[in-house]
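# A structural walkthrough
Each chain, letter by letter, is given below.
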Amino acid sequence: MPYRAEYIWIDGQKPTAKLRSKTKIVPDGAEPPIWGFDGSSTEQAPGSNSDCVLRPVLVKPDPIRGGDDVLVMCEVLYTDMTPHESNTRAACLETAEKYASHEPWFGIEQEYTFYKDGRPHGWPIGGFPAPQGGYYCGVGADEIWGRDVVEAHTAACLEAGIAISGTNAEVMIGQWEFQVGPLGPVEVADQLWMARWLLYRIAEDFNISAHLNPKPVEGDWNGAGAHTNFSTKAMREGYDPIIVACEALGKKADLHIKHYGAGIERRLTGLHETAPWTEYSYGVSDRGASVRIPWQVEQDKKGYIEDRRPNANCDPYVVTRLITDTVCSALEA
Ligand code: ADP
Ligand code: MN
Ligand code: MN
Ligand code: MN
């Protein structure tokens, strides 16, 4: 029987791209082929020359439709098969290949906020809930909104074979997190984009929308980030490379901040478990530093570091490319 393939891609919207998808019926026994779309409707082409190409890069079982149906994460190409200007995966792949011998691993903590009826889920009409403090990893109907969506999303990721590694309720009401990894620079980003699509799609069935806004509510409320945990083979085996990595990230702080997601200055204020975006720092156990060395890592004298700066709305292809490039080039120096 023919099956349904949901082709998912990243559009050309600026400053923050969004996901698009459409369904192709694929003949029995065939692989999902190269396909195309109207780039003039996704800010990826002018109307006079509107065709863009979708090339499958990751095919997984579709946990929503089930059966033989699949999800197909794609990259966008021009019709001459070169990477589209909006395609950040191609450069990420190039860097991953260049530094493959370092065996870089990433675990990304994706924070996000549920919205219902035009406001963060769980927020009263025209007012504020009780101040934050009890919601993080909370339990009970007075603290938790949207757990049914979270559970459905986690189950879907597992069924699709996405390397989801955990979930938790966050500090602000209606805010949650899931983690993907550890995986290589390209793989973690492919899977994170697919997991984001699953989140939006599953929340849709609950009449809830999920957003990656880095600072959903101004004032004394936590923003939403995408803490990026990173190690190379050398870092997993010794402590000196961990310090080299922290120092190297400091030398390129401006470049990283610029590409860690739109609106990063609104989130990295120095309050709410962030370091100010203008000042780079690293430290053991320090959730007020730009980069944290987990206490266990200092204890074991090996492991990984956590770059706490990326925004929830970052492009993981860009974040993993920059970290791989900055740290691996310093390790080689
Ligand atoms: P936090 O304590 O900051 O909330 P989490 O438990 O949410 O951390 O996320 C940690 C992430 O780091 C997970 O995705 C995990 O898979 C990943 N991770 C663990 N070990 C490594 C490693 N050696 N290299 C890269 N990522 C790692
Ligand atoms: Mn976490
Ligand atoms: Mn978190
Ligand atoms: Mn974290």
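Reference entry: report on the structure contained in this document. (Residues numbered from 1 in each chain as written. Chains lettered and ligands numbered in written order. Predicted model: local features only at pLDDT ≥ 70, side-chain atom pairs only at ≥ 80, totals over all residues. Heavy atoms only, no water.)

## As for the overall build of the protein
Along the backbone of the protein there are nine helices and 14 strands. When each of the 333 residues of the protein is scored for burial, the buried share is 53%. For the protein, the share of sequence-separated contacts (at least 6 apart) that also reach a separation of at least 24 residues comes to 66%. Counting only carbon and sulfur atoms, one obtains 51% of the accessible surface of the protein, whose full area is about 14,600 Å². Averaged over its 31 positive side-chain charges, the protein has a centre that lies 2 Å from the centre of its 47 negative ones. (Helix = DSSP H or I, 4+ residues; strand = E, 2+ residues; numbered from the N terminus. Buried < 20%, exposed > 50% of the residue type's maximum accessible area, 1.4 Å probe, protein only. Contact = heavy atoms within 4.5 Å. Areas by Shrake-Rupley, 256 points an atom, 1.4 Å probe, with all protein chains shown as cover. Lys, Arg positive; Asp, Glu negative; His and termini not counted. Charge placed at Lys NZ, Arg CZ, Asp CG, Glu CD.)

## A look at the coordination of the manganese ion (ligand 3)
Donor atoms from the polypeptide that coordinate the manganese ion (ligand 3) comprise Glu111 (OE), Glu170 (OE) and Glu177 (OE), at 2.1 Å from the metal. For the manganese ion (ligand 3), the donor residues sit on a single chain with the sequence spacing E-x58-E-x6-E. Separating the manganese ion (ligand 3) from the manganese ion (ligand 2) is a gap of 3.9 Å, which Glu177 spans by donating to each of them. You can see Glu111 sitting in strand β6 (residues 105–116) and its partner Glu170 sitting in the loop between β8 (164–169) and β9 (175–183), a full 59 residues away along the chain. The same class applies to Glu111 and to Glu170, which are both buried. (Donors = N, O, S within 2.8 Å, 3.2 Å for Na, K, Ca; no water.)

## Describing the coordination of the manganese ion (ligand 4)
Six octahedrally arranged donors around a metal ideally form angles of 90 or 180 degrees; four tetrahedrally arranged donors ideally form angles of 109.5 degrees. Looking at the manganese ion (ligand 4), one finds its protein donor set to be Glu109 (OE), Glu109 (OE), His227 (ND1) and Glu306 (OE), positioned 2.0 to 2.5 Å from the metal centre. Sequence spacing of the donors to the manganese ion (ligand 4): E-x117-H-x78-E. A spacing of 3.9 Å is found between the manganese ion (ligand 4) and the manganese ion (ligand 2), which share Glu109 as a donor. Here Glu306 lies in strand β14 (residues 305–307) and His227 lies in the loop between β10 (209–211) and β11 (228–231), a separation of 79 residues in the sequence.

## Details of the pattern of salt bridges
Under the definition given, this model contains 14 salt bridges. A salt bridge links Arg308 to Glu273, with the shortest nitrogen-to-oxygen separation between them at 3.9 Å. Placement of Arg308 in the loop between β14 and α9 (316–332) and of Glu273 in the loop between α7 (264–267) and β12 (282–284) is noted, with a sequence separation of 35 residues between them. Look at the salt bridges and you will find they share partners, linking Glu273, Arg292, Glu306 and Arg308 into a network. (Salt bridge = Lys/Arg side-chain N within 4 Å of Asp/Glu carboxyl O.)

## Description of the nonpolar core
Counting residues in hydrophobic clusters, the biggest one holds 65 residues, and the most contacted among them are Tyr112, Phe114, Leu198 and Ile305. It is helix α3 (residues 185–205) that provides the largest number of residues to this core, a total of twelve residues. The residues that make up this core include at least three from each of domain 1 (3–87) and domain 2 (95–332). Of all hydrophobic cores here, the second largest spans 13 residues; its members include Ala5, Phe37, Val70 and Val76. (Core = buried A, V, L, I, M, F, W, Y, C linked by side-chain atoms within 4.5 Å. Domains from an automatic or database assignment.)

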